[in-house]
Amino acid sequence: KDYEIKDNEKIEMKHLYLSWKGFQRFCMSSSLFHMRKSEMEQMVYQDMTRPLCDYFINTSQNTYLIGNQITSDSSIDGYIRALTGGCRCVELDCWDGPDGDPIIYHGWTLTSKLLLKDVLMDAIKPYS
């Protein structure tokens, strides 16, 4: 499923090879980041009795961006990768969408847009 909102419906297929952006998306896809030890995911190995401010909290900013902050594509895979990697605080950069549905994108830039409901249902809910 392609989660990116397309500005134009028609996509021309000129080549039968992977483009640079396609290669970047493949390299950053969530399926390449599932190599974690299951023991570490299931076992709490730190003292969890201290106040919250005493702990390092893994966070992520611009989680949805594949490349730069001005013109890159956005992908739900960034959220999945961050959450499966232990991140517990992700940025949801929400803006009003053209149809009234909230969208996620790096505002006032040329980055592509994601529907908030897709991010919540396909990444945040199953992986957080």
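Note that the structure is a prediction, hence the values are computed from the model and not measured. (Residues numbered from 1 in each chain as written. Predicted model: local features only at pLDDT ≥ 70, side-chain atom pairs only at ≥ 80, totals over all residues. Heavy atoms only, no water.)

(A) Inspection of the overall build of the protein chain at higher detail. On a plain count of helices and strands, the protein chain comes out with four helices and six strands. The linear arrangement of helices and strands in the protein chain, starting from the amino end, is β-α-α-β-α-β-β-β-β-α. Across the 128 residues of the protein chain, 30% fall into the buried class. As presented, the protein chain carries roughly 9500 Å² of accessible surface, and 56% of it is formed by carbon and sulfur atoms. (Helix = DSSP H or I, 4+ residues; strand = E, 2+ residues; numbered from the N terminus. Buried < 20%, exposed > 50% of the residue type's maximum accessible area, 1.4 Å probe, protein only. Areas by Shrake-Rupley, 256 points an atom, 1.4 Å probe, with all protein chains shown as cover.)

(B) Expanded view of helix H4 (residues 116-127). Here H4 is 12 residues long and its end C-alpha atoms lie 15 Å apart, about the 16 Å a rise of 1.5 Å per residue gives. Burial in H4 covers these residues: Leu116, Asp118, Val119, Ala123 and Ile124. Projected down its long axis, H4 shows its buried positions confined to an angular sector of 155°, all on one face. Buried residues along H4 sit against helix H3 (77-84), strand S3 (89-90), strand S4 (94-96), strand S5 (102-104) and strand S6 (113-115). (Expected span 1.5 Å × (residues − 1). Arc of directions from axis to C-beta. Contact = heavy atoms within 4.5 Å.)

(C) Focus on H3. With respect to burial, H3 is a largely interior element, eight of its eight residues being buried. Taken together, the buried positions of H3 are occupied by Asp77, Gly78, Tyr79, Ile80, Arg81, Ala82, Leu83 and Thr84. Note on H3: the residue one or two positions beyond its end, glycine 86, has a positive phi of about 105°.

(D) Highlighting the packing of aromatic side chains. The full count for this structure, using the stated rule, is three aromatic pairs. The interplanar angle of 25° and the centroid separation of 6.3 Å between the aromatic rings of tyrosine 64 and tyrosine 79 together place this pair among those described as stacked. With tyrosine 64 in the loop between strand S2 (59-60) and H3 and tyrosine 79 in helix H3, this pair connects stretches of sequence that are 15 residues apart. Each member of the pair, tyrosine 64 as well as tyrosine 79, carries the same accessibility label: buried. Judged by centre distance (4.7 Å) and plane angle (80°), the rings of tryptophan 95 and tryptophan 108 are edge-to-face. Residue tryptophan 95 is found in strand S4, and its partner tryptophan 108 is found in the loop between S5 and S6; the two are separated by 13 residues along the sequence. Of the residues examined, tryptophan 95 reaches a relative accessible area of 25% and is grouped as partly exposed. An aromatic cluster of three or more residues is present, and its members are Trp95, Tyr105 and Trp108. Over the ring of tyrosine 105 we find lysine 113, and its NZ or CZ is 4.5 Å from the ring centre. (Phe/Tyr/Trp six-rings, centres within 6.5 Å; stacked < 30°, edge-to-face > 60°. Lys NZ or Arg CZ within 6 Å of the ring centre and 35° of its normal.)

Structural measurements only, silent on function.
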